[in-house]
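Each chain is listed here by its residues.
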Amino acid sequence: MHIAATELPFMQSLLHTEPLSIQYWLTFTALGAIILIVLETHKWLSTRRSA
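Predicted, not measured: the structure shown is a model, and the values here were computed from it.

K.L.:
An account of the pattern of salt bridges is needed here, citing residue identities and associated values.
P.N.:
The final tally for this structure, using the stated rule, is one salt bridge. Among the ionic pairs, Glu-40 bridges to Lys-43, the shortest N-O distance being 3.1 Å. In this pair, Glu-40 and Lys-43 are both assigned in helix α3 (residues 22-50), three residues apart and thus about one turn of the helix distant.

This is how it looks when you write it as structure tokens:
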């Protein structure tokens, strides 16, 4: 949904958005991956301690 809002021309005009550069997409993807890794590691450590 976020990609459509920033990359599709009709959505850009409807929502008054502009396309993001590849640098922004890479930054947001990296941040999302870091958050995912941290949360999954926490979950894994929590279940390991409980067992």
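K.L.:
Give a description of the side chain of Gln-12 that names residues and reports values.
P.N.:
As for its position among the elements, Gln-12 is in helix α2 (residues 9-15). A relative accessible area of 17% means that Gln-12 is categorised as buried. In contact with Gln-12, other than residues within four places in its own chain, are Ala-5, Thr-6, Glu-7, Thr-17, Glu-18 and Pro-19.

Scoring rules and cut-offs
The numbering scheme is per chain: residues are counted from 1 as the chain's sequence reads. Confidence filtering applies because this is a predicted model: local features only for residues at pLDDT of at least 70, side-chain atom pairs given and counted only at 80 or more, and all residues used for totals across whole chains, interfaces and linings. Heavy atoms throughout the structure, all of them, feed into the side-chain values; hydrogens and water do not. By definition here, a salt bridge exists when the distance from a side-chain nitrogen of Lys or Arg to a carboxyl oxygen of Asp or Glu is within 4 Å. Elements are defined by DSSP. Helices are runs of H or I of four residues or more, strands are runs of E of two residues or more, and each kind is numbered from the N terminus. We call a residue buried when its accessible area falls under 20% of the maximum for its residue type, exposed when it is over 50%, and partly exposed in between, using a 1.4 Å probe and counting protein chains only. By the convention used here, residues are in contact when the closest approach between their heavy atoms is within 4.5 Å.

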